[in-house]
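Structure assessment
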Number of protein chains: 2
Amino acid sequence: MANILIKQLFRETPQFLNQAILVSGWARTIRDSKSFGFIELNDGSFFRNLQIVFDDSLPNFAEVAKLGVGSALTVEGNLVESPGAKQPFELKATRITVEGVSAPDYPLQKKRHSFEFLRTIAHLRPRTNTFAAVFRIRSLAAYAIHQFFQERNFVYVHTPLITGSDCEGAGEMFRVTTLDPANPPRNERGEVDYSQDFFGKETNLTVSGQLNGETYCMAFRNIYTFGPTFRAENSNTARHAAEFWMIEPEIAFAELRDNMDLAEAMIKYVINYCLENAPEEMEFFNNMIDKDLFQRLHNVVSSEFAHVTYTEAIEILQKNKDQFEYPVDWGSDLQTEHERYLTEQIFKKPVFVTDYPKEIKAFYMRLNDDDKTVAAMDLLVPGVGEIIGGSQREERYDVLERRLDELGLHKADYWWYMDLRKYGGTKHAGYGLGFERLIMYLTGMANIRDVIAYPRTVRTAEF
Amino acid sequence: MANILIKQLFRETPQFLNQAILVSGWARTIRDSKSFGFIELNDGSFFRNLQIVFDDSLPNFAEVAKLGVGSALTVEGNLVESPGAKQPFELKATRITVEGVSAPDYPLQKKRHSFEFLRTIAHLRPRTNTFAAVFRIRSLAAYAIHQFFQERNFVYVHTPLITGSDCEGAGEMFRVTTLDPANPPRNERGEVDYSQDFFGKETNLTVSGQLNGETYCMAFRNIYTFGPTFRAENSNTARHAAEFWMIEPEIAFAELRDNMDLAEAMIKYVINYCLENAPEEMEFFNNMIDKDLFQRLHNVVSSEFAHVTYTEAIEILQKNKDQFEYPVDWGSDLQTEHERYLTEQIFKKPVFVTDYPKEIKAFYMRLNDDDKTVAAMDLLVPGVGEIIGGSQREERYDVLERRLDELGLHKADYWWYMDLRKYGGTKHAGYGLGFERLIMYLTGMANIRDVIAYPRTVRTAEF
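Residues numbered from 1 in each chain as written. Chains lettered and ligands numbered in written order. Predicted model: local features only at pLDDT ≥ 70, side-chain atom pairs only at ≥ 80, totals over all residues. Heavy atoms only, no water.

The criterion, for reference: UniProt positions are given in the numbering used here, feature names are shortened, and annotations may be inferred rather than shown by experiment.
As recorded in an unreviewed UniProt entry, chain A goes by Asparagine--tRNA ligase and comes from Hydrogenispora ethanolica. The Sequence similarities (unreviewed entry) field of the UniProt record for chain A holds the comment "Belongs to the class-II aminoacyl-tRNA synthetase family." Of chain A, the UniProt comment under Subunit (unreviewed entry) reads exactly: "Homodimer."

Looking at the packing of aromatic side chains
All names here are of chain A. Selection rule: The pairing test for Phe, Tyr and Trp rings, Trp by its six-membered ring, is centres within 6.5 Å, and the orientation test on the planes gives stacked under 30 degrees, edge-to-face over 60, and tilted for anything in between. Only DSSP runs of H or I with at least four residues qualify as helices, and only runs of E with at least two residues qualify as strands; both kinds are numbered from the N terminus onward. Partly exposed describes any residue whose relative accessible area lies between the buried limit of under 20% and the exposed limit of over 50%, with all areas from a 1.4 Å probe on protein chains only and scaled to the type maximum. A positively charged side chain is recorded as over a ring if its NZ (Lys) or CZ (Arg) lies within 6 Å of the ring centre. The angle to the ring normal must also be within 35 degrees.
Counting across every chain of the model gives 74 aromatic pairs over all chains. Consider the rings of F131 and F135, whose centres lie 6.4 Å apart with planes at 25 degrees: the pair is stacked. Here F131 and its partner F135 are both found in helix 4 (residues 129-151), four residues apart, which amounts to about one turn of the helix. A single burial state applies to F131 and to F135, both of which are buried. Ring centres of F363 and Y414 lie 5.1 Å apart, and the angle between their planes is 65 degrees; this geometry places the pair in the edge-to-face category. Separated by 51 residues along the polypeptide, F363 in the loop between strand 13 (351-357) and strand 14 (373-381) and Y414 in the loop between helix 11 (397-406) and helix 12 (415-422) bring together distant segments of the chain. By relative accessible area, which is 6% here, F363 ends up buried. Since its relative accessible area comes to 4%, Y414 is described here as buried. When the ring centre of Y417 is taken as reference, the NZ or CZ atom of R421 above it lies at 4.0 Å.

Points about the environment of E395 of chain A
All names here are of chain A. For clarity, the threshold we go by: Any two residues whose heavy atoms approach within 4.5 Å at even a single point are treated as in contact. Contacts described as polar in this section are N or O atom pairs within 3.5 Å, which, within protein, must combine one atom able to donate a hydrogen with one able to accept it, while residues neighboring in sequence count only if both atoms come from side chains.
Of note, E395 is situated in the loop between strand 15 (385-392) and helix 11. As a C-alpha pair, E395 and T336 span 59 residues in sequence and 31 Å in three-dimensional space. Here E395 is in contact with R366, R421, T426, K427 and H428, once residues within four sequence places are set aside. A polar contact is formed between the side chain of E395 and the side chain of R366, at a distance of 2.8 Å.

Looking at the pattern of salt bridges
Selection rule: By definition, a salt bridge exists where a carboxyl oxygen of Asp or Glu is found within 4 Å of a side-chain nitrogen of Lys or Arg.
Following the criterion strictly, the structure yields 48 salt bridges over all chains and no others. Between R175 of chain B and E202 of chain B there is a salt bridge, with its nearest N and O atoms 2.9 Å apart. Taken as a pair, R175 of chain B in strand 8 (residues 175-177) and E202 of chain B in the loop between strand 8 and strand 9 (203-205) lie far apart in primary sequence, 27 residues in all. With a relative accessible area of 16%, R175 of chain B lands in the buried category. For K411 of chain B, the salt bridge is made with E401 of chain B, and the minimal N-O distance between the two is 3.7 Å. Of this pair, K411 of chain B sits in the loop between helix 11 (397-406) and helix 12 (415-422) while E401 of chain B sits in helix 11, and the two are ten residues apart along the sequence. One continuous salt-bridge network, built from bridges that share partners, spans R119, R125 and D450 of chain A.

Side note on unusual backbone geometry
All names here are of chain B. Here N18, not a glycine, exhibits a phi torsion of approximately 65 degrees, which is positive. You will see that R221, though not glycine, has its phi angle at about 75 degrees, which is positive. For R221, the location among the structural elements is in the loop between helix 5 (210-220) and strand 10 (222-230). Classification of R221 by relative accessible area gives buried; the value is 6%.

Examining the sheet that holds strand 2 (residues 36-42) of chain A
All names here are of chain A. Which entries qualify depends on this criterion: Following DSSP output, two strands are said to pair if at least two bridges run between them. Throughout, an axis means a line fitted to C-alpha atoms (over the contacting stretch in the case of helices), and angles, computed between N-to-C directions, take values from 0 to 180 degrees.
Taken in spatial order, the five strands line up as 1-2-3-5-4 and close into a barrel, and their pairing is mixed. When strand polarity is set aside, the average angle formed by the axes of neighbouring strands in this sheet is 55 degrees. In terms of strand pairing, strand 3 (residues 50-55) meets strand 5 (residues 89-100) through three bridges, oriented parallel. Counterpart to I52 in the pairing with strand 5 is L91.

Digging into the relation of the copies chain A and chain B
Here is the rule: Only residues with pLDDT of at least 70 in both copies count here: their C-alpha atoms drive the least-squares fit that superposes the copies.
Here chain A sits on chain B after a turn of 180 degrees about the axis and a move of 0.0 Å along it, with an RMSD of 0.0 Å. Within this description, the copies of the chain are treated as partners about a two-fold rotation axis. Minimal C-alpha distance to the rotation axis in chain A is attained by V176 of chain A, lying at 2.5 Å. A shared interface surface links the copies, since 100% of the contact residues of chain A are contact residues in chain B too.

Quick word on the domain arrangement of chain A
Residues and elements named next belong to chain A. The condition that has to hold: Segmentation of the chain into domains, including their bounds, is taken from an automatic or database domain assignment.
Each assigned domain of chain A is listed here: domain 1 (6-100) and domain 2 (127-184 + 191-450). Here the C-alpha centre of domain 2 lies 46 Å away from the C-alpha centre of domain 1. Between domain 1 and domain 2, the contact holds seven residues from the first and nine residues from the second. Summed over the shared surface of domain 1 and domain 2, the number is one salt bridge.

A few points about the pairing of strand 4 (residues 72-81) of chain A
Residue and element names in this part refer to chain A. The buried count for strand 4 comes to seven of ten residues, which makes it a mostly enclosed element. As judged from the seven bridges shared by strand 1 (residues 20-32) and strand 4, these two strands associate in the antiparallel manner. Across the sheet, residue G25 finds its bridge partner in strand 4, namely L73. Judged from the ten bridges that link them, strand 4 and strand 5 form a sheet pairing that is antiparallel. The residue of strand 5 that forms the bridge with L73 is V98.

So, the confidence of the model for chain A
For the record, the criterion: You can read pLDDT as the predictor saying how much it trusts each residue, on a scale of 0 to 100.
Per-chain confidence: chain A averages 96 in pLDDT, with 99% of residues scoring 70 or above. The complex prediction reports pTM at 0.97, with the ipTM value standing at 0.97.

Some thoughts on the nonpolar core
As a reminder of what qualifies: Among the buried residues, those of types Ala, Val, Leu, Ile, Met, Phe, Trp, Tyr and Cys that are joined through side-chain atoms within 4.5 Å form a nonpolar core.
Counting residues in each nonpolar core, the largest one holds 238 residues, and the members touching the most others are F149, I388 and F435 of chain A together with F149, I388 and F435 of chain B. Once you skip the residues sitting within four places of it in the chain, F435 of chain B turns out to touch H158 of chain A together with R138, A141, A142, I145, F226, W245, M246 and I247 of chain B.

A word on the pairing of strand 16 (residues 428-434) of chain B
All names here are of chain B. Taken across its seven residues, strand 16 has seven buried, putting it largely inside the fold. On strand 16, burial covers both faces: H428, G430, G432 and G434 on one face and A429, Y431 and L433 on the other are all buried. Two strands pair when backbone bridges link them, and strand 11 (residues 243-252) and strand 16 are joined in this way by five bridges, in the antiparallel orientation. Counterpart to I247 in the pairing with strand 16 is L433.

Some points on helix 11 of chain B
Residues and elements named next belong to chain B. Put simply, the test is: Each direction from the helix axis to a C-beta atom contributes to the arc, which is the arc of those directions.
By the burial criterion, the buried members of helix 11 are V399, L400, R403 and L404. Along the axis of helix 11, the buried residues cluster in a sector spanning 140 degrees; they form a single face. Buried residues belonging to helix 11 abut helix 12.

Okay, structure coming up:
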């Protein structure tokens with residue numbers, strides 16, 4: 001007899017009803033009285049449990065009735081309707097095989113646990129409702145992103161994680177080495193001799209795949225990356241992790257406007273995909289984690305995103321400056337309070353802020369004709385603030401060269417990046433989306449540690 | 001006028017024929033005579049080029065005719081049939097906009113370049129036929145793998161790359177650190193004080209996500225990982241990279257047989273997906289890289305994979321031992337020559353070798369009743385040898401504990417892994433597939449450096 005996933009029973013009920021079937025899963029609860037009992041069985045394939053009814057006609061009735069929560073079972077029985085009950089059907093067990101018992105000190109007894117406590121048992125927390133829902137959404141959202149880009153003929157590029165260039169400039173980096181840290185080889189000047197390290201030079205973990213991604217954009221026209229990135233920043237906040245996944249599309253023959261259109265379409269696609277493919281999980285988040293979730297997501301999906309320049313945004317904010325802790329000056333970066341005010345109070349929907357002062361943005365962003373601003377874009381969304389950052393890239397060799405000089409960067413380090421501007425360079429644009437930030441936005445979860453299976457943060461690398 | 005991808009022109013020709021259209025791309029060749037010329041335009045969306053015909057009715061005819069190979073262009077024109085010619089249609093240009101010229105020293109002039117040379121310009125090589133094909137297949141195969149598992153309700157898990165446990169035991173590791181290597185902090189015994197490192201302890205780059213993956217398998221039943229892994233091994237071969245991507249599914253309530261069925265279905269799925277979705281690229285590989293490719297892939301797709309135990313395989317090999325350089329003894333690992341002999345000469349199709357001696361396999365593999373072998377499986381394929389390795393996992397707490405003791409491993413390091421056997425553990429199985437090995441198999445490319453965008457190998461971490 002084939003072993004059926006509980007998801008199939010819920011999604012294709014008619015073909016299993018009044019049939020003998022076989023399921024396997026873990027007992028979320030077990031209740032028994034003298035001669036019968038109930039088990040809520042979850043097999044991880046579906047958010048909801050299957051109710052099992054068993055009685056003392058089973059030869060191992062006593063054993064089953066005494067099982068601890070979390071035990072693994074295989075159950076054979078008949079699937080029957082249970083009208084009027086909480087669940088649409090239940091399985092009348094004709095045979096229960098105990099695959100593995102759960103010890104009495106199983107930490108996930110039926111009571112509410114704090115997220116802080118559950119982080120200490122990160123190997124067990126996906127067995128709870130909340131984390132089962134979070135990590136299913138994470139899986140579906142990842143797939144939705146691949147589907148979105150692949151349907152549009154984008155090429156998925158695996159950019160390297162170990163990098164020999166320190167010219168990405170997006171944050172502090174982790175060193176990767178095989179040298180003996182207690183006694184590294186030294187050169188005649190007494191410095192550490194990296195020529196003897198694994199790669200023959202200093203290497204670090206990447207902070208962004210963008211520069212590498214651009215090289216493939218100039219071959220395939222439309223590409224995306226989706227992989228891990230790292231920041232060795234001492235930021236112990238609910239929104240920073242040392243290891244996180246990032247999506248970085250890059251499109252050729254494209255300007256800032258095309259870039260914004262792509263970002264808008266992608267965000268809407270992923271939200272719709274999760275709402276359609278995990279309605280039970282999304283309902284759970286809306287009921288239990290964040291009562292405004294559906295309202296916020298539906299607003300995003302159904303609205304046309306707004307557009308405002310940085311300069312206009314500063315004017316708007318200055319008119320309301322008594323609302324803010326931080327000052328609002330042309331030339332300073334927007335604080336989260338400013339970003340949220342714009343998207344929540346002014347536009348009441350997602351808004352792209354464009355054309356930031358060049359001084360507060362990266363060297364590779366395209367200089368506008370005013371010589372003061374660059375063709376950058378940040379997408380701000382209600383409830384969070386910035387969720388995507390991107391730009392049109394500087395495609396003009398001489399302008400890029402001048403920008404590197406202005407910033408005191410070494411052109412030689414960027415030889416291959418400059419080559420792209422020398423050999424059939426063309427206008428192009430791209431953006432970066434922090435995947436964990438997206439999952440937080442989709443689920444309402446407030447701490448990045450709760451959307452990463454095994455989070456790596458300052459002083460924490462458990463499991 | 002919307003900018004059309006060249007792929008659309010080839011796949012949906014009728015709707016564009018005899019229409020005015022706009023395309024953008026890079027000139028692969030430019031030929032001109034006095035009053036007219038031809039450009040082979042490639043936009044990266046499709047393997048084939050679009051032929052552009054232009055003449056001196058263009059105001060910038062002279063400029064266009066002099067352009068270097070690799071220049072970026074936007075072309076407006078009418079798509080017309082070109083019966084009898086090599087290409088089914090061509091674009092009669094009414095306007096050509098030069099987006100970016102290519103300098104005369106562009107290294108990809110129309111001639112054959114060695115793969116070795118192209119590795120030195122890895123930022124430009126995806127603009128060649130071979131590497132455009134390789135990296136499109138890589139993208140499609142990645143997507144096929146996601147599609148295969150997602151269709152089957154597997155949850156995609158991002159296991160951590162930075163690991164604080166050194167108990168994976170699958171190979172040498174890279175250290176990840178933010179300590180100053182020239183002058184690390186020391187404790188009172190003079191040892192490096194890792195409590196002051198970023199994570200408060202020693203950390204490395206992972207060699208496998210399997211152990212973490214198993215924890216999610218015990219919650220979701222069926223999961224897979226797909227992410228980078230690292231080996232700091234001093235192996236300078238055509239098949240080893242320090243950074244590579246791996247796929248590791250894990251299935252609960254499953255035995256070795258289920259595991260083999262899953263691996264067989266996955267391999268066939270990915271091959272079929274690439275043949276169907278990139279026929280031009282696959283044809284190119286079959287014609288230009290490996291004349292046996294189609295024969296080999298069709299054989300894999302259409303055959304039912306064979307199964308043989310290690311003990312039976314040793315008997316078969318011993319009967320033919322004069323064929324081999326390395327000796328064949330029960331208890332030794334199979335060499336590539338043995339693996340290839342089995343799959344190519346004996347079975348003439350893919351074959352699973354199962355039930356290896358426990359001494360040559362990892363601690364977590366399930367001990368068979370003979371107490372000598374474990375429920376391991378290696379999939380051998382013609383032309384390569386081993387492509388997948390996996391096993392049923394030891395789910396019995398006491399047996400796993402004994403195995404750890406036998407191997408002198410510290411149980412305390414495995415507390416969370418042991419917990420899985422304590423709280424509703426059940427039989428489960430999984431395998432690992434090196435993604436680059438799969439791409440080599442799909443394309444016939446012989447060097448792993450040629451299927452990774454920016455390969456990281458001993459003494460090499462360029463770009």
